Amino acid sequence: MILVTGGAGFIGSNFVLDWLAQSDEPVVNLDALTYAGNRANLASLDGDARHVFVHGDIGDRALVDGLLATHRPRAIVHFAAESHVDRSIHGPGAFVKTNVEGTFTLLEAARGFWNTLDAAEKAAFRFHHVSTDEVYGSLKPTDPPFAETNAYEPNSPYSASKAASDHLVRAWHHTYGLPVLTTNCSNNYGPYHFPEKLIPLMIVNALAGKPLPVYGDGRQIRDWLYVKDHCSGIRAVLAGGRVGETYNIGGWNEMANIDIVHTVCALLDELRPDPAGAYARLITHVTDRPGHDRRYAIDARKIERELGWRPAETFATGIRKTVQWYLDNAAWVADVQSGAYQDWIGTHYSAR
Ligand code: NAD
Ligand code: DAU
């Protein structure tokens with residue numbers, strides 16, 4: 001079996017659902033159910049004995065030790081994190097706590113467990129750390145995309161905390177021999193994406209007739225990847241990645257934010273036309289994010305060369321599925337827009 005952390009969040013829940021759709025290998029899913037964690041993402045697994053959900057914190061060493069000793073996973077896939085850049089600007093402490101200290105605790109627990117294994121089990125064990133392209137900093141318009149050899153230049157409290165966790169993972173391999181893998185992925189989108197992030201926020205605001213807040217000039221570039229492709233990339237690296245290596249995962253799909261927003265509006269115009277007029281009328285330029293990285297792009301040739309992975313979706317197919325998913329899942333959307341969500345929206349956007 002495998003231990004997944006953060007498997008009730010956006011990418012983690014997609015990973016668990018895909019994993020169990022493709023294999024009968026059980027998953028223990030450790031998640032603290034922060035504002036971003038949602039058991040409803042995993043509702044289709046209710047009653048499925050292959051999925052063991054544990055409500056708890058990766059920073060709880062006794063809990064993690066107990067889970068490892070009881071379930072004896074052959075791998076840990078570590079998604080759990082604070083993940084939103086804007087929240088890291090408002091309150092960086094939680095990012096250091098979970099992303100740095102939490103990863104440290106998980107590594108120490110993994111090392112303790114790994115040391116109890118016999119030689120064959122030790123060789124087969126993997127600690128897979130799920131990280132981000134933001135650790136590499138910001139690209140200029142003519143720079144080549146991020147390769148695994150790029151220097152780390154994180155610019156936000158979020159990316160600095162992820163960079164720190166990457167360094168810990170690397171050191172636990174180099175010093176203690178823990179068999180680690182790290183993947184650094186670009187911006188994901190798809191089902192179960194919490195509507196604090198650009199794409200789902202634009203969908204839910206548009207459907208509610210609310211302004212679509214675009215930071216600054218909207219010409220910032222991200223490299224968008226459908227979440228199921230990220231999950232297949234992680235599975236490929238977990239299965240065949242070289243121990244101690246890092247692999248960049250990306251969609252070969254650089255797009256400016258404003259073009260993303262127009263694409264979402266056009267799809268909504270087609271799928272759920274608004275009698276009041278085209279959704280693009282709601283686009284509103286607001287104060288920029290402090291320290292906003294201008295451009296991310298991933299060079300995903302290493303994972304393709306070594307493991308044969310490429311994304312299955314184009315942006316056109318992935319974004320259509322995504323918009324349709326939000327239209328089909330109005331109850332999920334209503335449920336996540338709870339009081340705490342409204343507090344965040346008020347805090348973050350009212351002064352912009
Ligand atoms: P998310 O915020 O949607 O989910 C995070 C999950 O972790 C939640 O279920 C939350 O409850 C859980 N969690 C938070 N703190 C915890 C703790 N202390 N102990 C246990 N569980 C805890 O995040 P996401 O977008 O799904 O990202 C998952 C991982 O992928 C993160 O490590 C993130 O850095 C990385 N990543 C995300 C993207 C992206 O575009 N979203 C891209 C590249 C990498
Ligand atoms: O690159 C990978 C990263 O992508 C992940 O590591 C992060 O966990 C994930 O949140 C994401 O970070 P971004 O900051 O790129 O994603 P976000 O959806 O917050 O913003 C995408 C772009 O859209 C960014 O340039 C900021 C802009 N934006 C965002 C919001 C929420 C807006 O213009 N308006 C908004 O309201």
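The text that follows walks through the structure, step by step, so that each part is easy to find.

Each value, and the rule that gives it
- Residues numbered from 1 in each chain as written.
- Chains lettered and ligands numbered in written order.
- Predicted model: local features only at pLDDT ≥ 70, side-chain atom pairs only at ≥ 80, totals over all residues.
- Heavy atoms only, no water.
- Helix = DSSP H or I, 4+ residues; strand = E, 2+ residues; numbered from the N terminus.
- Rg over C-alpha atoms; globule rule 2.2 N^0.38 Å.
- Buried < 20%, exposed > 50% of the residue type's maximum accessible area, 1.4 Å probe, protein only.
- Contact = heavy atoms within 4.5 Å.
- Lys, Arg positive; Asp, Glu negative; His and termini not counted.
- Charge placed at Lys NZ, Arg CZ, Asp CG, Glu CD.
- Axes fitted to C-alpha atoms, helices over the stretch in contact; angles between N-to-C directions.
- Parallel < 35°, antiparallel > 145°, perpendicular 65-115°, else oblique.
- Left-handed = near helix turned anticlockwise from the far one by under 90°.
- Nonpolar A, V, L, I, M, F, W, Y, C, P; charged D, E, K, R; others polar.
- Salt bridge = Lys/Arg side-chain N within 4 Å of Asp/Glu carboxyl O.
- Pairing = 2+ DSSP bridges.
- Right-handed = clockwise from strand over helix to strand, strands pointing away.
- Core = buried A, V, L, I, M, F, W, Y, C linked by side-chain atoms within 4.5 Å.
- Arc of directions from axis to C-beta.

**Some remarks on the overall build of the protein**
Alright, step 1. A tally of regular secondary structure across the protein gives 13 helices and 13 strands.
Alright, step 2. Its C-alpha atoms give the protein a radius of gyration of 20 Å, within 12% of the compact-globule value 20 Å for 352 residues.
Alright, step 3. Dimensions of the protein, computed from the C-alpha atoms along their principal axes, are close to 65 × 50 × 40 Å.
Alright, step 4. Among the 352 residues that make up the protein, the fraction classed as buried is 55%.
Alright, step 5. The contacts in the protein between residues at least 6 apart in sequence include a share of 81% that link residues at least 24 apart.
Alright, step 6. Here the protein contributes 32 positively and 40 negatively charged side chains, and the mean placements of these two sets differ by 2 Å.

**Structural notes on the packing of helix α7 (residues 198–207) against helix α9 (residues 257–271)**
Alright, step 1. At a minimum axis distance of 10 Å, the contact between α7 and α9 shows a crossing angle of 40°. Relative to α9, the element α7 lies oblique. Crossing of α7 over α9 shows right-handed handedness. Across the interface between the two elements, L198, I199, M202, I203, A206 and L207 from α7 touch N257, I260, V261, V264 and L268 from α9.
Alright, step 2. When the residues that make up the contact of α7 with α9 are grouped by side-chain class, the tally is 10 nonpolar, 1 polar and no charged.

**Some remarks on the pattern of salt bridges**
Alright, step 1. Counted according to the given criterion, the structure contains 22 salt bridges.
Alright, step 2. Across the pair E25 and R74 runs a salt bridge whose closest N-O atoms are separated by 2.6 Å. You can see E25 sitting in the loop between α1 (10–22) and β2 (27–31) and its partner R74 sitting in the loop between α2 (61–71) and β4 (75–78), a full 49 residues away along the chain.
Alright, step 3. Residue R310 is joined to E304 by a salt bridge in which the shortest nitrogen-to-oxygen separation is 3.1 Å.
Alright, step 4. A relative accessible area of 45% means that R310 is categorised as partly exposed.
Alright, step 5. The network of salt bridges with shared partners includes R242, E245, K302 and E306.

**Re the pairing of β2**
Alright, step 1. Among the 5 residues in β2, 5 count as buried, and that is most of the element.
Alright, step 2. The side-chain alternation of β2 yields two buried faces, one formed by V27, N29 and D31 and the other by V28 and L30.
Alright, step 3. Relative to β2, strand β1 (residues 2–5) runs parallel, the two sharing 4 bridges. From the neighbouring strand, L3 faces β2, where its bridge partner is V28.
Alright, step 4. Read as a crossover between parallel neighbours, the route from β1 over α1 to β2 is right-handed.
Alright, step 5. Two elements, β2 and strand β3 (residues 51–55), share 5 bridges in a ladder whose sense is parallel. If you follow V27 over to β3, its bridge partner there is H51.

**Re the sheet that holds strand β6 (residues 180–185)**
Alright, step 1. What the 7 strands build is an open sheet, ordered β3-β2-β1-β4-β5-β6-β11; its pairing is parallel. Whereas interior strands pair on both sides, the edge strands pair on one side only; in this sheet they are β3 and β11 (246–249). Put simply, the sheet's adjacent strands are angled 20° from each other on average, direction ignored.
Alright, step 2. Across 4 bridges, β6 lies against β11 in parallel orientation. Within the sheet, the bridge partner assigned to T183 lies in β11 and is Y247.
Alright, step 3. Here helix α6 (residues 157–176) sits on the sheet in contact with β5 (126–132) and β6, set at roughly 155° to β5.

**Here we look at the nonpolar core**
Alright, step 1. Within the largest apolar cluster, 71 residues are counted, with the highest numbers of intra-cluster contacts made by F15 and V77.
Alright, step 2. With sequence-adjacent residues up to four places away left out, F15 is seen in contact with I2, V4, V77, F79, C231, I234 and R235.
Alright, step 3. One finds A80, L107, W114 and V169 within the second-largest nonpolar core, a separate group that totals 23 residues.

**Section: helix α13 (residues 339–349)**
Alright, step 1. Within the span of α13, buried status applies to Y341, W344, H348 and Y349. Looking straight down α13, one finds that the buried residues subtend no more than 95° of arc, so they occupy a single side.
Alright, step 2. In this structure, the buried side of α13 is in contact with α3 (85–90), α7, β8 (212–215) and α12 (330–336).

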